[in-house]
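So you can see what is in the structure, the chains are spelled out below.
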Amino acid sequence: MKKVGFIGWRGMVGSVLIKRMIDELDFDNFDSHFFSTSQAGQKNPEWNINFKNKLLIDAFDIQELSKMDIIMTCQGGDYTDKVFSKLRATGWDGHWVDAASTLRMEKNSVIVLDPLNQSSIDSSYDAGIKNWIGGNCTVSLMLLAIHGLLKEDLVEWVSSMTYQAASGAGANNMRELLSQMGQIYSSVSDDLNQKNSNILDIDSKALALMNSDKFQKNNFKVPLAGNLIPWIDEDLKNGQSREEWKGQSETNKILNSSFNSIKVDGLCVRIATMRSHCQALTIKLKKSIPIEAINERISNGNQWVKLIPNEKESSINLLSPAEVSGKLDIAVGRVRKLDIDKNCISLFTVGDQLLWGASEPIRRMLNILVRKGNG
Ligand code: HSE
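Now for a description of the structure that goes with this document. Here the structure is a predicted model, which is why all the values come from computation and not from measurement.

What to know about the site of the ligand
Thought 1: In the vicinity of the ligand, the residues found are Asn136, Cys137, Gln164, Gly168, Ile232, Glu243, Arg270, His277 and Gln353.
Thought 2: At a separation of 2.8 Å, an oxygen atom of the ligand approaches a polar side-chain atom of Gln164.
Thought 3: Contacts to the ligand include Arg270, whose side-chain N or O atom sits 2.8 Å from an oxygen atom.
Thought 4: Alone, the ligand offers 260 Å² of accessible surface; in the complex the protein occludes 84% of this.
Thought 5: Of the residues assigned to the shell around the ligand, the class counts are 2 nonpolar, 5 polar and 2 charged.

As structure tokens, this is what we get:
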């Protein structure tokens, strides 16, 4: 059995990954070893009888890491920075599967999203590539949503306006969002309970709190509850954020071998939702096709796409973070031809940032490697 080492399995993405792996019985297929950056020597988790009595291994011990056939890390970019090169420098030629962005654009890495780039994964594997990196969440979720259009090479360009959840910024940011919501409510709850209170007074009170030093904003630096943040990740100093830059660069790296290159750009915005990213896409198609055919193609893109009819009741009930969070569904709706150009369509998509946005592509990649290795 292949030896698989897990690092960062207790964090937010790691926990979602482990839960999926337990649900899918993945652990039956390899010999698992759990590493820790802070609790080496302590007892292993007990999800599986096979892990009992083995102790956590030091995640910085290069010799121990080099005993693994596959390393699966959700520990984050700092860990990858510290360990990856040192480990490779020892001559270790196992497979490195990573949720962090550090190695994504390296020549000898593949961004994994197997429903779209299985052929690229196969040819890279055959060519000896050993670094398999999960993509940016908005990019993976967008590509899964428009898979059916990409398959038929129908997409000329995409403008993606994102509505990104707090989870993309990290676990502490999710906590902070809820704390901010609670702080706002507490500051006005007495007024809300009085029937005749004035909503404009309540609004002023809430706003004053949000803009005061009392408001908890260590992580986001500004209010997210009752607000939004129109910038995600670094400022690239060309008017674009790093999150926006990833749209085109990662899309084309993922699609390269399977499809022709496409242009992607737009604005990335953080909103006060917990764990599902939404995106409003404007797509320029290469030709004009009837809306029914567009819907059919989108719907048949892959088994996770759930096409929501473009009407009010379905859209407000089914095309939302509250509906999609915790599921593998990629909800796609509001599909219509735009009046601005006969080849332009709109589309709104929602996907869980921690599932298909982060853990599922690397979970599937691990299984691909295990199958190939055993084959
Ligand atoms: N960069 C994304 C975000 C999450 O901030 O929402 C990671 O892909």
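Still more to cover.
Details of the environment of Val139
Thought 1: Within the secondary structure, Val139 is located in helix H5 (residues 137-145).
Thought 2: The class for Val139 is buried, based on a relative accessible area of 2%.
Thought 3: The spatial distance from the C-alpha of Val139 to the C-alpha of Asn310 is 23 Å, given a sequence separation of 171 residues.
Thought 4: Every residue in contact with Val139, bar those within four places of it in the chain, is listed here: Lys246, Gly247, Glu250, Thr251 and Ile254.

Things to note about the packing of aromatic side chains
Thought 1: Enumeration according to the criterion identifies 10 aromatic pairs in this entry.
Thought 2: Taken together, a centroid distance of 5.6 Å and an interplanar angle of 65 degrees make the contact between Tyr163 and Phe348 edge-to-face. Taken together, the residues Tyr163 in strand E8 (residues 155-164) and Phe348 in strand E14 (residues 344-352) connect sequence positions 185 residues apart.
Thought 3: On the basis of relative accessibility, which here comes to 34%, the residue Tyr163 falls in the partly exposed class.
Thought 4: The class for Phe348 is buried, based on a relative accessible area of 18%.
Thought 5: Ring-pair connections join several aromatic residues into one group, and the members of that group are Phe6, Trp9, Phe27, Phe30 and Phe34.
Thought 6: One cation-aromatic arrangement involves Arg242 over Trp245; the distance from NZ or CZ to the ring centre is 5.7 Å.
Thought 7: In this structure, Lys372 is placed above the aromatic ring of Tyr125, and the distance from its NZ or CZ to the ring centre is 5.1 Å.

As for helix H10 (residues 291-299)
Thought 1: Considered for burial, the residues of H10 that qualify are Ala293, Ile294 and Ile298. In a view along the axis of H10, the buried residues occupy a sector of 135 degrees, so they form one face of it. For H10, the exposed residues lying more than 90 degrees away from the buried face are Glu292 and Glu296.
Thought 2: The elements touched by buried residues of H10 are H5, helix H6 (147-151), strand E11 (276-285), strand E12 (305-307), strand E13 (330-337) and E14.

Here we look at a nonpolar patch on the surface
Thought 1: Together, Met161, Tyr163 and Leu267 make up an exposed nonpolar region whose accessible area comes to about 270 Å².
Thought 2: By the secondary structure assignment, Leu267 is in the loop between strand E9 (263-265) and strand E10 (268-270).

Some words on the sheet that holds strand E4 (residues 70-73)
Thought 1: Here 7 strands make up an open sheet; going across it, the order is E3-E2-E1-E4-E5-E7-E6 and the pairing parallel. Every interior strand has two partners, whereas the edge strands, strand E3 (57-58) and strand E6 (109-112), have only one.
Thought 2: Relative to strand E2 (residues 31-36), strand E1 (residues 3-7) runs parallel, the two being bridged by 4 bridges. Looking across to E2, one finds that Val4 is bridged to Ser32.
Thought 3: On top of the sheet, helix H13 (residues 355-374) reaches E1, E4, strand E5 (95-98), E6 and strand E7 (131-134); it is set at about 175 degrees to E4, its chief contact.

What counts, and at which threshold
Residues numbered from 1 in each chain as written. Predicted model: local features only at pLDDT ≥ 70, side-chain atom pairs only at ≥ 80, totals over all residues. Heavy atoms only, no water. Near = heavy atom within 4 Å. Polar contact = N/O pair within 3.5 Å; in protein donor to acceptor, adjacent residues only side chain to side chain. Areas by Shrake-Rupley, 256 points an atom, 1.4 Å probe, with all protein chains shown as cover. Nonpolar A, V, L, I, M, F, W, Y, C, P; charged D, E, K, R; others polar. Helix = DSSP H or I, 4+ residues; strand = E, 2+ residues; numbered from the N terminus. Buried < 20%, exposed > 50% of the residue type's maximum accessible area, 1.4 Å probe, protein only. Contact = heavy atoms within 4.5 Å. Phe/Tyr/Trp six-rings, centres within 6.5 Å; stacked < 30°, edge-to-face > 60°. Lys NZ or Arg CZ within 6 Å of the ring centre and 35° of its normal. Arc of directions from axis to C-beta. Patch = residues over 30% accessible without salt bridge, like charges linked within 9 Å, V, L, I, M, F, W, Y side chains within 5 Å. Salt bridge = Lys/Arg side-chain N within 4 Å of Asp/Glu carboxyl O. Pairing = 2+ DSSP bridges. Axes fitted to C-alpha atoms, helices over the stretch in contact; angles between N-to-C directions.

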